[in-house]
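Survey of secondary and tertiary structure
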Amino acid sequence: MINMSKVKTRMPEQDPQVRVGNFDEVATGYTEEMAVKEALRCLKCREHPCMTKGCPISNRIPDFIEKITECEFEEAYQILNETTSLPAVCGRVCPQYLQCEGKCVRGEKGRPVAIGALERFVADWHRHHADGVSAEAAESNGVKAAVIGSGPAGLACAGELAKKGYTVTVFDKNVLPGGVLSYGIPNFRLPGEILQNELDSLKALGVIFENGKELGKDFTIESLKSEGFKSVFIGNGAGNSIRLEIPGQELSGVLAASAFLFDVNLSNKYPSAEKIAVIGGGNVAMDACRAAVRVPGAKKVYVVYRRSAAEMPADPAEVHEAEAEGVEFIYLTGTVEVIGAEGKVTGLKCQKMALTEPDASGRRKPVPVPDSEFVLDVDCIIEAIGSGSDNECADGVDTSEKGYIIVDTDTFATSCEGVFAGGDTVTGPKTVIAAMGAGRKAAASMIEYMEK
Ligand code: SF4
Ligand code: SF4
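Model, not experiment: these values are computed from the prediction.

Within the open sheet, the three strands sit side by side as E10-E11-E12. Their pairing is antiparallel. Only two strands of the sheet have a single neighbouring strand rather than two, namely strand E10 (333–341) and strand E12 (366–376). When the angles between neighbouring strand axes are averaged without regard to direction, this sheet yields 25°. Of the pairings in the sheet, the one linking E10 to strand E11 (residues 344–355) comprises eight bridges and is antiparallel in character. Residue pairing for E11: Glu 337 is matched across the bridge by Lys 349.

So, in structure tokens, the structure goes:
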């Protein structure tokens, strides 16, 4: 029996008025009844484009959804476990509207099946009902592999290698594992305990985590090789924040979004601010503005974006959530100068922008409108305009002009023998799931290399 409703089964969430006062998860998850109702919307399409064209890690979407309709939730989990080490994470943070759900046939005449919400439900059901751990450790083959970076690419790679019996050590310069999942995504979107559970599952597979160890400082690729690591994966992300490059950016109160989110997520450390402007229009800007409205003492939060709402790259659902939480969006506005007094931010000089006709690439360029400057009254500015690579420590590994690691696009092999790379460190900032897909594919190449 197919549920022919054109709308998704709504996931319950905290009321916006309540949730701005806490960092608890906003969406509270499907009940079993809701999950079955939503799963019954799946048409079990023969071509299943959701999986073949939409999911970078090829989760068996119609199969796991079918198990939900039969109330076989653990079996649904085991199907997901074949292809993903982080289903509870993906179900929460994947941009499904661009991926699996963006390709769902049900989306052609209504809303797509809520694949992400169902994946999340299955992972959460497993956590609450099974032993909480995904899989037993595979029998060791005695071969050591190293993973540098414990973000999504590194974790996916480590999980694949460990499932095949490799002894995997994951090195990360930060004190906690998880990379951007741990310090970049706020608790209200991805609670720390969810990530911890996924990390525990990897530990149960035998993955060893060595935190506070930095490439180029505490070890090198050569030193790893001399310690017997037969292959190395580099997945250390693209964490170098791009700055605004406007006068006054050195004033106290101007923060990089990554530093702001790191402090909020890992140390409950908040800026002392009442009026906060977040600059940028991507998903990091959405995480930053939604975290900013939760900063104790914050009374007003703006997002300043130089193009219009239509060009904004952020997930529309996140924009909607931010608006519901009281964030004010100021579109078609560029930044000119940070105004300050006694070394601290007191305002942001802005300028209205207009968009040109689309260029050859179809992109409309923002250009300043003459005599349109104004000052936004803020005492804190968070820059969320992008990030780049910090790969200068990857000795012997060729990088592009922008510092990204150059790899063979089929095998993920770098110019250095036995060293592979994937995720943002290769592509520049992309999605969590794109990084996971790269980590997974690189692991397959590493296995081929190590079995030679
Ligand atoms: Fe969709 Fe992401 Fe899950 Fe793939 S991993 S099915 S893209 S939510
Ligand atoms: Fe089900 Fe949509 Fe995938 Fe078809 S495309 S199998 S309806 S989830």
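What follows continues from the structure just given.
Here the focus is the environment of Arg 290. Among the structural elements, Arg 290 can be located in helix H13 (residues 283–292). The spacing of Arg 290 and Val 301 is 11 residues in sequence and 8.6 Å in space, taken between C-alpha atoms. There is a polar contact of 2.8 Å between the side chain of Arg 290 and the side chain of Glu 325.

Glancing now at the state of the cysteines. Evaluated as defined, the whole model comprises zero disulfides. Take Cys 157: it sits in no disulfide, and the sulfur closest to it among the cysteines is that of Cys 90, at 15 Å. Taking the relative accessible area as the measure of exposure, Cys 157 reaches 0% and is therefore buried.

Calculation rules
Residues numbered from 1 in each chain as written. Chains lettered and ligands numbered in written order. Predicted model: local features only at pLDDT ≥ 70, side-chain atom pairs only at ≥ 80, totals over all residues. Heavy atoms only, no water. Pairing = 2+ DSSP bridges. Helix = DSSP H or I, 4+ residues; strand = E, 2+ residues; numbered from the N terminus. Axes fitted to C-alpha atoms, helices over the stretch in contact; angles between N-to-C directions. Polar contact = N/O pair within 3.5 Å; in protein donor to acceptor, adjacent residues only side chain to side chain. Disulfide = S-S within 2.5 Å. Buried < 20%, exposed > 50% of the residue type's maximum accessible area, 1.4 Å probe, protein only.

No statement about biological role is implied by the geometric values presented.
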